[in-house]
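Chain by chain, the residues run as shown.
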Amino acid sequence: MVALAQTDWLADLALIGEAARRAGEVALSYFGQSPDVWFKNEGRSPVSAADLAANEMLETMLRGARPGYGWLSEETDDDPARLSHDTVFVVDPIDGTRAFIAGERTWCVSVAVVHAGRPVAAALYAPALSEEYLASTGGAVRKNGEPIEVAGRDGPRLRVATPQDMLNTIDPMFREGLERVAHIPSLAYRIAMVADGRIHATFVKRNSHDWDLAAADLILERAGGRLTDSAGSILQYNRPEVRHEVLCAAAAPLLPSLLAQLAPASRG
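Keep in mind that this is a model prediction, so the values were computed, not measured. (Residues numbered from 1 in each chain as written. Predicted model: local features only at pLDDT ≥ 70, side-chain atom pairs only at ≥ 80, totals over all residues. Heavy atoms only, no water.)

### Observations regarding the overall build of the protein
Just so we agree on the cut-off: To qualify as a helix, a DSSP run of H or I must reach at least 4 residues; to qualify as a strand, a run of E must reach at least 2; elements of each kind are numbered from the N terminus. Relative accessibility thresholds used throughout: buried, under 20% of the residue-type maximum; exposed, over 50%; partly exposed, between the two (1.4 Å probe, protein chains only). Any pair of residues with heavy atoms lying within 4.5 Å of one another is described as a contacting pair. The accessible surface values rely on the Shrake-Rupley method and a 1.4 Å probe; as for residues, cover is taken only from the protein chains in view. Here the positive residues are Lys and Arg and the negative ones are Asp and Glu; neither His nor the chain ends is included. By convention, the point assigned to a charge is CZ for Arg, NZ for Lys, CD for Glu and CG for Asp.
The secondary structure content of the protein amounts to nine helices and 14 strands. Going through the 268 residues of the protein one by one, you find that 53% of them count as buried. For the protein, contacts bridging at least 24 residues in sequence account for 63% of all contacts bridging at least 6. Carbon and sulfur atoms make up 51% of the accessible area of the protein, which amounts to about 11,600 Å² in all. If you average the places of the 26 positive and of the 35 negative side-chain charges in the protein, the two averages end up 5 Å apart.

Here's what the structure looks like:
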């Protein structure tokens, strides 16, 4: 199929930006109000009434506007029919649900349009922080309307978000050049922090999902960074398997040295 024109992706960007803002306001109406919470995935993953309400709003608005697109959301039962669509919405109505339930502000609505396996329009909206990230393929990336870019090596140490057990696998001499930042509960927001230069990189454990990554992936790419697997390959989305292996997100020039440290973690 011939790729759609850039103007079509900009129209999609406008659509998903508005949808993310509306879903964020829906979620915000539950924030701090002790919404009902259930557990899925054998009790490992919480889902709140806010997740479901935001998901319903997103699905109604987006699928109503683009009935020819497929749909993949954390809070909708997966329909293999999405695989027959070249273009799909990939959605996490609240990325960082545990933080949301705990009353922490670091959570966001994540919405991407994925075409031929790669994101082409992306919106992240963190309403409790009043932050919005928007990006389209071939176009600018903006945070609250202002351009952003990744940080270069601006000091002796790289600010890295990583689980402690992954940090422990890194060569001790290399580790001396890293500053581990405090835990950031939303993976999408963590990658966006790489994009806007607040941190240099993040390592991601295996079993993240398309909906955690797709929007943030494009935002990072347009800001001068890359999200890759441990071999340095970019990610493909809307596959039968939506989970991913060990990943790294960083400013492009920093990526090779960081990937070299991921080998032990990727084997673990």
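After that view, the rundown keeps rolling.
### Some thoughts on the packing of aromatic side chains
Geometry of an aromatic ring pair is reported as the spacing of the ring centres plus the angle between the planes. Here is the rule we go by: Think of it this way: a Phe, Tyr or Trp ring, Trp meaning its six-membered ring, pairs with another when their centres are within 6.5 Å, and the plane angle makes it stacked under 30 degrees, edge-to-face over 60, tilted otherwise.
Tallied over the full model, the rule gives six aromatic pairs. Relative to Trp107, the ring of Phe31 has its centre 5.5 Å away and its plane inclined at 55°; by these criteria the two rings are tilted. Residue Phe31 is found in the loop between α1 (6-28) and β1 (37-40), and its partner Trp107 is found in the loop between α3 (97-102) and β5 (108-115); the two are separated by 76 residues along the sequence. Residue classification places Phe31 among the buried residues on the basis of a relative accessible area of 17%. Taking 6.5 Å as the distance between ring centres and 80° as the angle between the ring planes, the aromatic pair formed by Tyr133 and Tyr189 counts as edge-to-face. Taken together, the residues span a long stretch of sequence, with Tyr133 in strand β7 (residues 131-136) and Tyr189 in helix α6 (residues 187-195) at a distance of 56 residues. Just as Tyr133 is buried, Tyr189 falls in that class too. An aromatic cluster of at least three residues, connected via ring pairs, comprises Phe31, Phe100 and Trp107.

### Concerning the sheet that holds strand β4 (residues 87-95)
Put simply, the rule is: A pair of strands counts as paired when DSSP detects no fewer than two bridges linking them. Here an axis means a line fitted to C-alpha atoms, over the contact stretch when the element is a helix, while the angle between two N-to-C directions is reported on a 0 to 180 degree scale.
What the seven strands build is an open sheet, ordered β3-β4-β5-β6-β7-β8-β9; its pairing is mixed. The open sheet is flanked by β3 (70-73) and β9 (146-147), the only strands paired with a single partner. Packing against the sheet, helix α7 (residues 210-222) makes contact with β3, β4, β5, β6 (118-126), β7 and β8 (141-143), and its axis sits at approximately 100° to β6.

### Let's talk about the sheet that holds strand β12 (residues 201-204)
Sheet architecture is open: five strands sit in the order β11-β10-β12-β14-β13, paired in mixed fashion. Whereas interior strands pair on both sides, the edge strands pair on one side only; in this sheet they are β11 (178-180) and β13 (225-229). Neighbouring strand axes in the sheet, compared pairwise and without regard to direction, differ in orientation by 25° on average. Across two bridges, the pairing between strand β10 (residues 158-161) and β12 is parallel. Residue pairing for β12: Ala161 is matched across the bridge by Thr202. Each of β10, β12, β13 and β14 (247-251) is contacted by α6, which is oriented at about 150° to β12, the strand it contacts most. Docked against the sheet, α7 engages β13 and β14, running at close to 135° with respect to β13.

### Some details on α6
The buried count for α6 comes to nine of nine residues, which makes it a mostly enclosed element. Leu187, Ala188, Tyr189, Arg190, Ile191, Ala192, Met193, Val194 and Ala195 are the residues of α6 that are buried. Gly197 sits one or two positions beyond α6 and adopts a positive phi of about 85°.

### Regarding the packing of α6 against α7
Note the cut-off: Here the word oblique covers every angle except those under 35 degrees (roughly parallel), over 145 (roughly antiparallel) and from 65 to 115 (roughly perpendicular). Any residue outside Ala, Val, Leu, Ile, Met, Phe, Trp, Tyr, Cys, Pro, Asp, Glu, Lys and Arg is labelled polar, Gly included; the first ten of those are nonpolar and the last four are charged.
At a minimum axis separation of 8 Å, α6 and α7 run at an interaxial angle of 5°. With respect to α7, the axis of α6 lies roughly parallel. On α7, the residues that touch Leu187, Ala188, Ile191, Val194 and Ala195 of α6 are Asp212, Leu213, Ala216, Ile219 and Leu220. For the contact of α6 with α7, the residue count by class is nine nonpolar, no polar and one charged.

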